[in-house]
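# Residue-level structure breakdown
Letter by letter, the chains look like this.
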Amino acid sequence: MKVGIIDYGASNLYSIDRSLRYLGANTLIIDEPNKLKEVDKLIFPGQGSLGSAMSHLKKIELFEDLRTQLKEKPFLGICLGLQVLFSKSEEGDTQGYGFYKNEISMFPPDLPIKVPHMGWNKVFIKQDHDLFTNIENDTRFYFVHSYLLKDFEEEKSFSTTHHGIEFISSIGDENIFATQFHPEKSGEAGLKFFDNFLKWNP
Amino acid sequence: MTVAVRIIPCLDIRAGRVVKGVNFENIIDAGDPVETAERYNTEGADELCFLDIDASYENRSATLSTVEAVASQVFIPLTVGGGVSKLQDIERLLEKGADKVSINTSAILDPSLVGNAAKKFGSQCIVVAVDSKREGEKSYVYTHGGKNKTAFETSAWIKIVEGEGAGEILLTSMDRDGTKIGFDNELTSSIAKDLSIPLITSGGAGSIDHMIEGITDGKADAVLAASIFHQKEITIAEVKDGLASKGIEVRL
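Source: prediction; values computed, not measured.

## Describing the overall build of chain A
On a plain count of helices and strands, chain A comes out with five helices and 12 strands. In summary, chain A has a C-alpha radius of gyration of 16 Å against a globular reference of 17 Å for 202 residues, a match within 12%. The principal-axis extents of the C-alpha atoms in chain A amount to approximately 45 × 40 × 30 Å. Every one of the 202 residues in chain A was classed for burial, and the buried ones make up 49%. Looking at chain A alone, contacts between residues at least 24 apart form 69% of all its contacts between residues at least 6 apart.

Next up, the structure:
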C-alpha cells in the first residue's frame, strides 16, 4: 500500500511525509499526473493559498486527473485540502473542485478572538468514523487557519470546533475525509489519526 | 471553550547544539537538540521554537540538519528563526521541516520581506520576533541578537509588521531575558490589547506563577521559556497544571 501526497508547490507536505514514514508507510510525492497511478490512497496537504494551489495543479496538469481520482481512492484532505473540495472561497474568487456548494468564509471580524486561529483546540466528534478510532471525543488537535466551513450537511459533518464561533472541523463522504486541523502537527493524537487513515478501507 | 494557551520551550541553537545565555550574553552549552526536543514533546510542549543565535553561513547548514532531525521525530509545530533574510531561507527551512519561520533583524532592514513572505508562504508561517528593551517610559526594538538599537518603538513596529501580514508576534523583553523575575507583563498587555494576531510572551519566566501572570496580566496567547525548562527547575506538565488550576485552557 502506497500513499500519495499531492505537491502543489507551497505546502508543508514534508511534515505529512515524515509522519507517515514514522508510522512505517510507503509514500510518494505526486508532482505529475503519471504518479497518481502508483498510489492507493491520496492526501492533499494544507497550507498556502487556495488560488496558488489551484493554478499550480493546473500548470503541472494534475488538476483534472486528480478530480477523477478523488472519487475513487481513499482521500484525506487537510486544511486547504478540505477547502479544495468546495466551489468557492472568500479567499479570492478561486474555484475549487466544487463537489460541495457551501461557502468557505473568513472568521467574522467582530469576534473577540485572534485570527489566524492558531493552536490546539478541541474536536467535538459528532459521528463515529473509522478515522476517529481510539480517539476520544474532545481531543485537542492543532489548528492554523483564517478561513472556515460554517455550515454543511449534517450527515457528512463529523466534528465541530469552537473558536469565537462553532465551525465544521471535519467532513466525510464515502472515500473522502477532510479535516480543518493538522494531524501532522497534532502529536500523539495526530499520529493515531494517520494510523487510522493507513488502515482505512472505505 | 476555545483554543488552548500554548507553552513553548525555546531552544537557542549554535552550531547544532542547544545553548543558553543571560541577557543575551554568557553563552553555555545546554544539550543535544533532538534529545531536548523529544523530552519537551513527551512533557507536553505545544510547540517548539529554535533560534539560531549565531546564524553564520556554516552554522546555517548545521541548523538545517538539526531542524530535519527534530522534525523526523517530533510531530508538533516547529518555529525556526535566526538569520532569516530572504524568501529562499524560508523555503529551505520549511523544506527541512519547519512549520513557521521567525524573522527579526531582516524585517527591520526591509519590512516588505514580511509581506512578501506572508504572500508566498501564508501568514500562518511568518512569525516576527521582536527583541525589546526599555528606556525610561519607552521600549525600543533591537536587532542582531540584541546588539543594535533601532529607532522603532516596540508598539509602533509591531503594528507595522501586523499590517504587512505577520501571522504571530514573538515579543522578548531583553530586560527580563534569563533573569527569572517574570515576564514584562506591562509591555506585553499594552501591545496585546491592540493586536489582532497571536502574541507570544518571552523573557523572564522563572516560576509557574510567572507563566500564569504572562497570560492573565500580560494577555499573551502563548508563553515561551528556555532556562527554567532546560535546567529542569519546573516541567511543562507542572506549568500546565498551574494554568489549568486558574481556569486557563491548556492541552493536558
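## A look at the overall build of chain B
If you tally the helices and strands in chain B, you get 10 helices and 12 strands. The C-alpha atoms of chain B give 16 Å as radius of gyration, which agrees with the globular expectation for 252 residues (18 Å, within 12%). Considering only C-alpha atoms, chain B reaches an extent of 45 × 40 × 40 Å along its principal axes. Counting across all 252 residues of chain B, residues that qualify as buried make up 54%.

## Side note on the sheet that holds strand β11 (residues 165-173) of chain A
Residue and element names in this part refer to chain A. Pairing is mixed in the open sheet, where eight strands are placed in the order β2-β1-β3-β4-β12-β11-β10-β7. Here the strands that pair on one side only, and so sit at the sheet edges, are β2 (26-30) and β7 (124-125). The pairing of strand β1 (residues 2-6) with β2 spans five bridges and is parallel. Within β2, the position partnered with isoleucine 5 by the bridge is isoleucine 29. Relative to the sheet, helix α1 (residues 13-22) contacts β1, β2 and β3 (41-44), its axis offset from that of β2 by approximately 165°.

## Comments concerning the environment of A:Phe44
Residues and elements named next belong to chain A. With respect to the helices, strands and loops of the structure, phenylalanine 44 is situated in strand β3. Phenylalanine 44 gets classed as buried once you count the C-beta atoms within 10 Å, which come to 28. Taking C-alpha positions, phenylalanine 44 is 8.9 Å from valine 84, a pair spaced 40 residues apart along the chain. Contact partners of phenylalanine 44, with chain neighbours within four places excluded, come to Ile6, Gly77, Ile78, Gly81 and Val84.

## Focus: the packing of helix α8 (residues 208-216) of chain B against helix α10 (residues 236-245) of chain B
Residues and elements named next belong to chain B. Between α8 and α10, the shortest axis-to-axis distance is 9 Å and the interhelical angle comes to 50°. Put simply, α8 runs oblique to α10. Judged by the twist between their axes, the crossing of α8 over α10 is right-handed. The residues of α10 that touch α8, namely those facing Ile208, Met211, Ile212 and Ile215, are Glu238, Val239, Gly242 and Leu243. Considering only residue class, the contact of α8 with α10 consists of six nonpolar, one polar and one charged.

## Notes on the interface of chain B and chain A
With 27 residues of chain B at the interface, the matching set in chain A holds 27 residues. Residue composition of the side of chain B that touches chain A, by class: 11 nonpolar, nine polar and seven charged.

## Quick word on the nonpolar core
In terms of nonpolar packing, the biggest core is built from 130 residues, with B:Ile8, B:Leu48, B:Val101, B:Val128, B:Ile169 and B:Val223 touching the most fellow members. Sequence-distant contacts of B:Val223, defined by excluding residues within four places in its chain, comprise B:Ile7, B:Ile8, B:Thr201, B:Ala205, B:Met211, B:Gly214 and B:Ile215.

## Section: unusual backbone geometry
In the segment running from A:Val115 into A:Pro116, the intervening peptide bond is cis, with an omega of 5°. Of note, A:Pro116 is situated in the loop between β5 (104-106) and β6 (117-122).

## With respect to helix α3 (residues 87-96) of chain B
Residues and elements named next belong to chain B. Those residues of α3 that sit buried are Asp89, Ile90, Leu93, Leu94 and Lys96. Around the axis of α3, the buried residues are gathered within 165° of arc, so they sit on the same side. Immediately downstream of α3, the backbone of glycine 97 shows phi near 120°, a positive value.

## Side note on the packing of α3(B) against helix α5 (residues 112-121) of chain B
All names here are of chain B. Contact pair α3 / α5: the axes reach a minimum separation of 10 Å and the direction vectors enclose 40°. Between α3 and α5, the angle falls in the class oblique. Between α3 and α5 the crossing geometry is right-handed. Residue-level contacts link Leu87, Ile90 and Leu94 of α3 to Asn116, Ala117, Lys120 and Phe121 of α5. Of the residues assigned to the contact of α3 with α5, the class counts are five nonpolar, one polar and one charged.

## Here we look at the confidence of the model for chain B
For residues with low pLDDT, the predicted coordinates do not support detailed interpretation. In the predicted model, chain B carries a mean pLDDT of 91, and 96% of its residues have values of at least 70. In the predicted complex, the global pTM is 0.92; the interface-specific ipTM is 0.89.

## Overview of helix α2 (residues 50-59) of chain A
Residues and elements named next belong to chain A. If you check which residues of α2 are buried, you get Leu50, Ala53 and Leu57. Projected down its long axis, α2 shows its buried positions confined to an angular sector of 65°, all on one face. Of the exposed residues in α2, the ones pointing more than 90 degrees away from its buried face are Lys58 and Lys59. The positive-phi residue at the C-terminal boundary of α2 is glutamate 61, with phi of around 60°.

Quick notes on the rules
Residue numbers here run from 1 along each chain, matching the order of that chain's written sequence. As a convention, the first chain written is A and the first ligand written is 1, with the rest following in written order. Totals for whole chains, interfaces and linings use all residues, but because this is a predicted model, local features are given only for residues with pLDDT of at least 70 and pairs of side-chain atoms are given and counted only at 80 or more. Runs of E in the DSSP output that reach at least two residues are strands. Runs of H or I that reach at least four are helices, and both are numbered from the N terminus. Here the radius of gyration uses the C-alpha set of atoms, whereas the globule reference equals 2.2 Å times the residue count to the power 0.38. With C-beta atoms placed from the backbone, a residue counts as buried when 20 or more other C-beta atoms lie within 10 Å of its own, as exposed when 12 or fewer do, and as partly exposed for counts between those limits. What counts as a contact here is a pair of residues whose C-beta atoms, placed from the backbone, lie within 7 Å. Two strands pair if DSSP finds at least two bridges between them. An axis is simply a line fitted to the C-alpha atoms; with a helix, the fit covers only the stretch in contact. Between two such axes, the angle follows the N-to-C directions and lies from 0 to 180 degrees. For classification purposes, an angle smaller than 35 degrees is called roughly parallel, one larger than 145 roughly antiparallel, one from 65 to 115 roughly perpendicular, and anything else oblique. Crossing handedness is read from the near helix: turned anticlockwise from the far helix by less than a right angle, it gives a left-handed crossing, and turned clockwise, a right-handed one. Classification used: nonpolar for Ala, Val, Leu, Ile, Met, Phe, Trp, Tyr, Cys and Pro, charged for Asp, Glu, Lys and Arg, polar for all others including Gly. In these notes, a nonpolar core means any group of buried Ala, Val, Leu, Ile, Met, Phe, Trp, Tyr and Cys residues linked to one another through C-beta atoms within 7 Å. The arc refers to the directions leading from the helix axis to the C-beta atoms. For every residue, the pLDDT score states the predictor's confidence, bounded by 0 at the bottom and 100 at the top.

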